[in-house]
Protein chains: 2
Amino acid sequence: MSPDPTELAGQVSTVLRHLVLLLRRTVAGQPVTSQQYGVLGSLEQGARRMTELAEEHAVQLPTMTVQINRLEEAGLVARGTDPADARVRTVELTSEGRDRLRAVRQARITRLSRELSALTEEERATLAAALPVLAKLGRT
Amino acid sequence: MSPDPTELAGQVSTVLRHLVLLLRRTVAGQPVTSQQYGVLGSLEQGARRMTELAEEHAVQLPTMTVQINRLEEAGLVARGTDPADARVRTVELTSEGRDRLRAVRQARITRLSRELSALTEEERATLAAALPVLAKLGRT
DNA sequence: TTGGAATATTAGCCAGGCTAAGTTAGTCTG
DNA sequence: CAGACTAACTTAGCCTGGCTAATATTCCAA
C-alpha cells in the first residue's frame, strides 16, 4: 500500500533486524558453521580455485585460506593443483564433505519447511512472489 | 504459484544466501559495527539492564559486557546503577551515542532507499506485502 | 543469619574477518 | 632472454564477537 522507497526502507530495516537475529539463533551450534556450509556449497559443482571462492564469498584471500585450512583438517575438502598454472590451488569436496553438505542442507531445509508450514497458503504465496524481488537487491 | 513448503524452503535458502552476502558487503567498514549499531538501537528508548540487552540480542551476558565496554570506551554509552537493586548495571546512550545512532541509521536508510528506488513500483508493492510474513517467521 | 539465586564481570578459548609481507610462478618488455 | 612486473596463494599478526567457567557482589528466603 505504501511503496515509497524511504518509508519502505525503514520497514525493511526492522524486518532485517528480526531476520538477522533469527538466523543467529538458528545457526548456533551446528555441525558446520554457516560460513563453512557456504563454502562447501560453492564446491558442490566441482573443484574451484581459491580466488574464485574468496570472491564469491566477498572475503579476502587470506580469510579463505584459513577457512579452507580448517575444512581440510576436518577432512571435508582436499586441495589440488591446476596442471595449467602452478600458482593456483584448487579445492574440492571429499566424499565425506559431500555427505556433510547434504546432511546439513537437509536439516536446514527441514527446519525452514517447518517454519513455512506454519504460514497460511496465502502467506506462502506472498512470500514466494517477493523472492525474485529480494534476489534483485544488490545487483545494482 | 508453488507454495509447497519444502520447495519454497529451498528457494528461500538461495535468496537468504544472497541477502547475507549483500549484508556483509554493505556493513563492512562502517563507523560502528552492525552489532554495535544493534545495541545502540536497543538503548534508544532509554536505559536498559545488561541482562535485557543480552537476551534481546540472543547473546550471553559476558558477550554483552564486552560489547558495552567497547561502546563505553568509545563514549557512546554510559553505565549506571539501579537504585532499587545494587546488582544491576544499567546502560544508556550518551548524547554522542545518540548522534552516532541517528547518523548511522540515516546512512543505512539512504542506502536502502537507493536500492529500493531501482525497483519498479510493483516490485516495491510485492516486497511491502511480504514484510509482515517475514516478520512472522521464527515467532513460532 | 546463612545459603542459595541472581547480576555482572573477568579470563581464556575459538571462529572469522582484515592488512601487510613473503613466496612462487607466469608474463611481458626492452 | 633477463629482469621486472603481475598474479595466486600463504603466513603472521591484529581485531571483533561469540562461547564457557570461574569469580565477585548483592539479594532473598528459610
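Just so you know, these numbers come straight off a predicted model, no measurement behind them. For every chain, the first residue of the written sequence is number 1, and numbering continues from 1 onward in sequence order. The order in which chains are written sets their letters, starting at A; the order in which ligands are written sets their numbers, starting at 1. Only residues with pLDDT of at least 70 get local features here, since the model is predicted, and only at 80 or more are side-chain atom pairs given and counted; chain-wide, interface and lining totals rely on the full set of residues.

Can you break down the relation of the copies chain A and chain B residue by residue, with the values?
Copy one and copy two of the chain differ by a rotation about an axis and a translation along that axis. Each copy is superposed on the other by least squares, with the fit set by C-alpha atoms of residues at a pLDDT of at least 70 in both. In screw terms, the move from chain A to chain B is a rotation of 180° and a rise of 0.0 Å along the axis, fitting with an RMSD of 0.1 Å. With respect to symmetry, the two chain copies, as superposed, fit the operation of a two-fold axis. Among all residues of chain A, the one whose C-alpha sits closest to the rotation axis is A130(A), at a distance of 3.1 Å. A symmetric contact is evident, with 98% of the interface residues of chain A recurring at the interface of chain B. Distance between backbone-placed C-beta atoms decides contact: two residues are in contact if it is within 7 Å.

Kindly report on the sheet that holds strand β3 (residues 85–93) of chain A, identifying the contributing residues and their values.
All names here are of chain A. Read from one edge of the open sheet, three strands run β1-β3-β2, paired in antiparallel fashion. Two strands bound the open sheet, and with one partner strand each, they are β1 (48–49) and β2 (77–82). Two strands pair if DSSP finds at least two bridges between them. In this text, helices come from DSSP runs of H or I with a minimum length of four residues, and strands from runs of E with a minimum of two, each type numbered from the N-terminal end. In this sheet, β3 lies alongside β1 in antiparallel orientation, the contact comprising two bridges. Pairing of R49 across the sheet is with T90, part of β3.

Can you lay out the protein's contact with DNA strand D for me, pointing to particular residues and giving the numbers?
Placing a C-beta atom from the backbone of each residue, we mark the residue near a molecule or strand if the atom is within 6 Å of it. As a structural note, the neighbourhood of DNA strand D is formed by 21 residues, with T51(A), P62(A), V88(A), T33(B) and P62(B) the closest of them. The set of elements that each furnish at least two residues to the surface near DNA strand D consists of α3 (50–56), α4 (61–73) and β3 of chain A together with α2 (34–42), α4 (61–73) and β3 (85–93) of chain B. Top contributing element to the surface near DNA strand D by residue count: α4(B), with four residues. Note that Gly is not counted as nonpolar here; it falls among the polar residues with everything else outside the nonpolar set of Ala, Val, Leu, Ile, Met, Phe, Trp, Tyr, Cys and Pro and the charged set of Asp, Glu, Lys and Arg. Residues of the surface near DNA strand D, tallied by class, amount to seven nonpolar, eight polar and six charged.

Outline the pairing of β3(B), listing residues and values.
All names here are of chain B. Pairing between strand β2 (residues 77–82) and β3: six bridges, direction antiparallel. Paired with R79 across the bridge in β3 is V91. What sits between the antiparallel neighbours β2 and β3 is a turn of two residues.

Break down helix α6 (residues 121–136) of chain B for me, citing the residues and quoting the values.
Between the first and last C-alpha of α6(B) there are 24 Å, a value that for 16 residues agrees with the 22 Å anticipated at 1.5 Å per step. We define the bend at each residue as the angle formed by axes fitted to the 7 residues ending at it and the 7 residues starting at it. Most pronounced at A130(B), the bend in α6(B) amounts to some 30°, and the proline P132(B) follows within four residues. By the burial criterion, the buried members of α6(B) are L127(B), A128(B), A130(B), V133(B) and L134(B). Buried residues in α6(B) make contact with α1 (5–27) and α6 (121–136) of chain A. At the C-terminal side of α6(B), G138(B) shows a positive phi close to 80°. The length a helix should cover is 1.5 Å for every residue beyond the first. Exposed residues have 12 or fewer other C-beta atoms within 10 Å of their own C-beta, buried residues have 20 or more, and residues in between are partly exposed; the C-beta atoms are placed from the backbone.

Give me the protein's contact with DNA strand C: which residues, what numbers.
In the neighbourhood of DNA strand C, 22 residues make up the surrounding shell, with T33(A), A86(A), T51(B), P62(B) and V88(B) lying closest. Listed by contribution, the elements that provide at least two residues to the surface near DNA strand C are α2 (34–42), α4 and β3 of chain A together with α3 (50–56), α4 and β3 of chain B. Ranked by residues supplied to the surface near DNA strand C, first place goes to α4(A) with four residues. Classifying every residue of the surface near DNA strand C by side-chain character gives seven nonpolar, eight polar and seven charged.

Any details on the interface of chain A and chain B? Residues and values, ideally.
On the chain B side, the residues contacting the 47 residues of chain A number 46 residues. Of all the elements in the fold, those that place two or more residues in the side of chain A that touches chain B are α1, α5 (95–117) and α6 of chain A. The element contributing the most residues to the side of chain A that touches chain B is α1(A), with 16 residues. Considered class by class, the residues forming the side of chain A that touches chain B number 26 nonpolar, 12 polar and nine charged.

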